[in-house]
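Given next are the chains, with one letter for each unit.
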Amino acid sequence: MSYSLNSSRMIEFSYFIACLFVIIVSCIKVLHVNSCAEWPELFVNGAEFTWRFTSDATNNEADSTSDDSFVAQILKRAPIFSKPYIPPLIWGRSGHLQTIIHSTFSRHKTPRVKGDSRHTLFLSDGSMLTFDLFQPPTGAVSTEDVTLVVCPGIGNSSETVALRAFSHHANSYGYRVAVLNHLGIIPSIPLTTSRIFTYGSTEEYGAMVNKVKEMYPQSKLIAVGFSMGGNIVSKYLGECSKQRANFVAGISCCQGYDILKSLEIMGSWKHMGKAYLRAICVCVQKVLHNFQSVLLSDEQLSRFGIQSRMELLYSLNLVHLDDILLSKMAGYSDYREYYRQSSSSLYIPQV
């Protein structure tokens, strides 16, 4: 009897050790604990920009073969670009975990400020567009009138936790912030036409820029885009020189430049590509759910030759959704044309 009990306990202990081992290995893999921080790779006009790194970032110098003094000046004024990024230990070295937690809970002890005012515009096709303004507090640090004109990523708006945290942080340095609300993203703002945001349309962002310039003609504008918004901002700046003339700078964060090429990466589980693709699909379906009466009316479905709403509302395939509906809404024949024409890589050489 004693032998039987001891044997049972040994088996249970072995299971416990096995489970603990799996958990530890999984944490190491997910958090990339065994990876090391790397120096950033810098590219200027498609070519790698060589930078001489030293322990004192203010003494860093560009390689003698490079004559791009403008980039060198930026690197001297923003030394963060010339250092390896070392995340807080709690995240391990996983950008995915940090992204999820930051977008859900925001920065520690950062007030979730609301926009000081919401502005409404009507586009040429009757679509109602809104954007929010976040004003800097009196006595803020900046000595110049500067406005950050922000284009959020998919599913984000001025009401998103991460965008509010960004706006508060920018306000604390004296910057005014204008944040675009993508068509269909905020449920309380009605859709006045049967279309939503697209991955590359610059019409909404351009309308906001023009209004901000009209309201603050003396303000210096800086374009800021996150993820899909980065693609839109880059495309907007590259479309024509008149649009670039409104800005002193443009900042694009974590964007995709070529949607068709990005799809090759997003189609696998490497770097959590499939998970992000599924998250985008859920975001689009949420908009379709919220505005079914406008976007999925019988007339609209008949127009695009779609047999069932369920095919759209419960599809697990974003590309299929884009192919049969969103590409048609944007005026393209299929998803390939939609992705190609929405990619900023076609316009970046003009920036």
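Above: the structure in question.
Remember, it's a predicted structure, so these values are computed and weren't measured experimentally.

The rules behind each value
Residues numbered from 1 in each chain as written. Predicted model: local features only at pLDDT ≥ 70, side-chain atom pairs only at ≥ 80, totals over all residues. Heavy atoms only, no water. Helix = DSSP H or I, 4+ residues; strand = E, 2+ residues; numbered from the N terminus. Areas by Shrake-Rupley, 256 points an atom, 1.4 Å probe, with all protein chains shown as cover. Buried < 20%, exposed > 50% of the residue type's maximum accessible area, 1.4 Å probe, protein only. Pairing = 2+ DSSP bridges. Expected span 1.5 Å × (residues − 1). Contact = heavy atoms within 4.5 Å. Core = buried A, V, L, I, M, F, W, Y, C linked by side-chain atoms within 4.5 Å. 1 Å grid on protein atoms, 1.4 Å probe; cavity = no way out; pocket = protein on both sides within 12 Å on 5 of 7 lines; lining within 4 Å. Points joined across faces, edges and corners; volume = space filled by probe spheres on them. Nonpolar A, V, L, I, M, F, W, Y, C, P; charged D, E, K, R; others polar. Axes fitted to C-alpha atoms, helices over the stretch in contact; angles between N-to-C directions. Salt bridge = Lys/Arg side-chain N within 4 Å of Asp/Glu carboxyl O. Parallel < 35°, antiparallel > 145°, perpendicular 65-115°, else oblique. Phe/Tyr/Trp six-rings, centres within 6.5 Å; stacked < 30°, edge-to-face > 60°. Lys NZ or Arg CZ within 6 Å of the ring centre and 35° of its normal.

Enquirer: Can you explain the overall build of the chain? Please cite residues and give values.
Expert: Helices and strands together make up the secondary structure of the chain, namely 14 helices and 10 strands. Per element, the accessible surface of the chain, about 20300 Å² overall, is 58% carbon and sulfur.

Enquirer: Provide a residue-level description of the pairing of strand β9 (residues 220-226), including the pertinent values.
Expert: Across the seven residues of β9, five count as buried, placing the element largely inside the fold. As defined by bridge partners, strand β7 (residues 146-151) adjoins β9 across six bridges and the pair is classed as parallel. The residue of β9 that forms the bridge with V149 is A223. Bridge count for β9 against strand β10 (residues 247-253) is six bridges, and the pairing is parallel. Bridge assignment links G225 to a residue of β10, and that residue is S252.

Enquirer: Can you lay out helix α9 (residues 273-290) for me, pointing to particular residues and giving the numbers?
Expert: Look at α9: 26 Å from first C-alpha to last across 18 residues, which is about the 26 Å you get at 1.5 Å a residue. Buried within α9 we find G273, L277, I280, C281, C283, V284, Q285, V287 and L288. Buried residues belonging to α9 abut α8 (259-266), α10 (292-295), α12 (310-313) and α13 (318-329).

Enquirer: Could you give me a rundown of the nonpolar core, with the residues and numbers involved?
Expert: One broad rule of soluble globular proteins: the nonpolar side chains tend to lie buried together. The biggest cluster of nonpolar side chains holds 56 residues, and the ones touching the most others in it are Y199, Y205, F247, L288, L295, L312 and L325. For L325, the residues in contact, after removing those within four places along its chain, are L288, L296, F304, I306 and L312. Within the second largest apolar cluster, 10 residues are counted, among which are A170, V179, I222 and V224.

Enquirer: Which residues make up empty space enclosed by the protein, and what values go with them?
Expert: Enumeration according to the criterion identifies one cavity of 30 Å³ or more in this entry. For the largest cavity, the calculated volume is near 70 Å³. If you trace the largest cavity, you find it lined by M128, L129, T130, N181, H182, L183, G184, I185, I186, I189, P190 and L191. Element by element, the count of residues in the lining of the largest cavity is highest for strand β6 (residues 128-134), at three residues. When its residues are assigned to classes, the lining of the largest cavity shows eight nonpolar, four polar and no charged.

Enquirer: Any chance you could break down the sheet that holds β9 for me, citing the residues and the numbers?
Expert: Spatially, the six strands line up as an open sheet ordered β5-β6-β8-β7-β9-β10, and their pairing is mixed. Edge positions in the sheet fall to β5 (117-122) and β10, since each has one partner strand and no second. Shown here is a sheet whose adjacent strand axes are inclined to one another by a mean of 20 degrees, direction ignored. Pairing of β6 with strand β8 (residues 176-181) involves five bridges; the strand directions are antiparallel. Each residue of the ladder has a partner; that of L133, found in β8, is A178. The strands touched by helix α5 (residues 203-215) are β5, β6, β7, β8, β9 and β10; relative to β6, the strand with the most contacts, the crossing angle is about 50 degrees. Seen against the sheet, helix α6 (residues 228-239) touches β7, β9 and β10 and runs at an angle of roughly 135 degrees to β9.

Enquirer: So what about the pattern of salt bridges? Which residues, and what values?
Expert: Should their charged atoms come close, side chains of opposite charge can pair. In total, this model carries 10 salt bridges according to the counting rule given. A salt bridge links K235 to E239; the shortest N-O distance between them is 3.1 Å. Taken as a pair, K235 and E239 lie in helix α6 at a separation of four residues, close to a single helical turn. Overall, E239 belongs to the partly exposed group, its relative accessible area being 30%. The network of salt bridges with shared partners includes D125, R195, E203 and E204.

Enquirer: Describe in detail the side chain of Q300, supporting the description with residues and values.
Expert: Position of Q300 relative to the elements: it lies in helix α11 (residues 298-304). Overall, Q300 belongs to the buried group, its relative accessible area being 5%. With near-sequence residues (within four places) excluded, Q300 lies in contact with S194, L295 and M329.

Enquirer: With reference to specific residues and values, describe the packing of α8 against helix α14 (residues 335-342).
Expert: Closest axis-to-axis distance for the α8/α14 pair is 8 Å, and the angle between their directions is 110 degrees. Taken as axis vectors, α8 and α14 run roughly perpendicular relative to one another. Note on element contacts: α14 touches α8 through Y335, R336, Y339, R340 and S342, opposite I259, L260 and L263. Residue composition of the contact of α8 with α14, by class: five nonpolar, one polar and two charged.

Enquirer: With reference to specific residues and values, describe the packing of aromatic side chains.
Expert: What the rule picks out here adds up to eight aromatic pairs. Ring centres of Y199 and Y338 lie 5.3 Å apart, and the angle between their planes is 25 degrees; this geometry places the pair in the stacked category. Note that Y199 is positioned in the loop between β8 and α5 and Y338 in helix α14, a separation of 139 residues in sequence. You can call Y199 buried: its relative accessible area is 7%. An angle of 40 degrees between the planes, with centres 5.8 Å apart, marks the rings of Y338 and Y339 as tilted. The pair formed by Y338 and Y339 is uniform in burial state, with each residue classed as buried. A connected cluster of aromatic rings, assembled from ring pairs, spans Y199, Y332, Y335, Y338 and Y339. Across from the ring centre of Y216, 3.7 Å away, lies the NZ or CZ of R176, which sits over that ring.

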